[in-house]
Amino acid sequence: QVQLVESGGGLVQPGGSLRLSCVASGRIFRINTMGWYRQAPGKERELIASITRDGSTNYADSVKGRFTISRDNSKNTAYLQMNSLKSEDTAVYYCNANILQGFSSSWRDYWGQGTQVSVSS
């Protein structure tokens, strides 16, 4: 089985920074696109950043210029550097990865358990 584990969430003041990590483990042959989603109370889950295996990135307009997604393929890890945090960034952040499992011929999406990010003074 494949597992994704996020870490790095917490409580920060407006204008502060956090760095989230997502580590994929298991019988992984290859990880294609990885992404970060977030879901605030009463709102739909939204994609905020994604990165291909080769490093091409996309960002939601709400976080562009403030957040940076990156990855280390040798460690099966994705990161989300969050700067200039705002109250509206408060949400549960989820890692997603499109993965080809060992000895499998099909790609599947996997999700982490989520990590809480709270921005408040």
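Before any of the text, the structure's been laid out above.
The shown structure was predicted, so the numbers you read here are calculated from the model rather than taken from an experiment.

Disulfide: a covalent bond formed between the sulfur atoms of two cysteine residues. Under the definition given, this model contains 1 disulfide. Sulfur-sulfur distance for the disulfide between C22 and C95 comes to 2.0 Å. Looking along the S-S bond of the C22-C95 disulfide, the torsion reads about -80°, which is the left-handed sense. Here the residue C22 occupies a position in strand β3 (residues 18-25), and C95 occupies one in strand β9 (residues 91-101), the gap between them amounting to 73 residues. Comparing C22 with C95 shows no difference in burial state: the two are buried.

Okay, the sheet that holds β3 next. An order of β1-β3-β8-β7 is seen for the 4 strands of this open sheet, with the pairing classed as antiparallel. Edge strands, defined here as strands with exactly one partner in the open sheet, are β1 (3-7) and β7 (67-72). Mean inter-strand twist for the sheet, computed between neighbouring axes without regard to direction, equals 15°. Where β1 meets β3, 5 bridges bridge the pair, whose relative direction is antiparallel. Bridged to L4 within β3 is A24.

Cut-off values and rules
- What you see as residue numbers is a count from 1 along each chain, following the sequence as written.
- Per-residue local features are limited, in this predicted model, to residues with pLDDT of at least 70; the limit for side-chain atom pairs, both in listing and counting, is 80 or more; totals at the level of whole chains, interfaces and linings are taken over all residues.
- In computing side-chain properties, one takes all heavy atoms of the structure into account and sets aside hydrogens as well as water.
- In what follows, a disulfide is any cysteine sulfur pair within 2.5 Å.
- Segments assigned H or I by DSSP are reported as helices when at least four residues long, segments assigned E as strands when at least two residues long, and all are numbered from the N terminus.
- We call a residue buried when its accessible area falls under 20% of the maximum for its residue type, exposed when it is over 50%, and partly exposed in between, using a 1.4 Å probe and counting protein chains only.
- When DSSP finds two or more bridges between a pair of strands, those strands are recorded as paired.
- Here, axes are lines fitted to C-alpha atoms. For helices the fit covers the stretch in contact, and angles between N-to-C directions go from 0 to 180 degrees.

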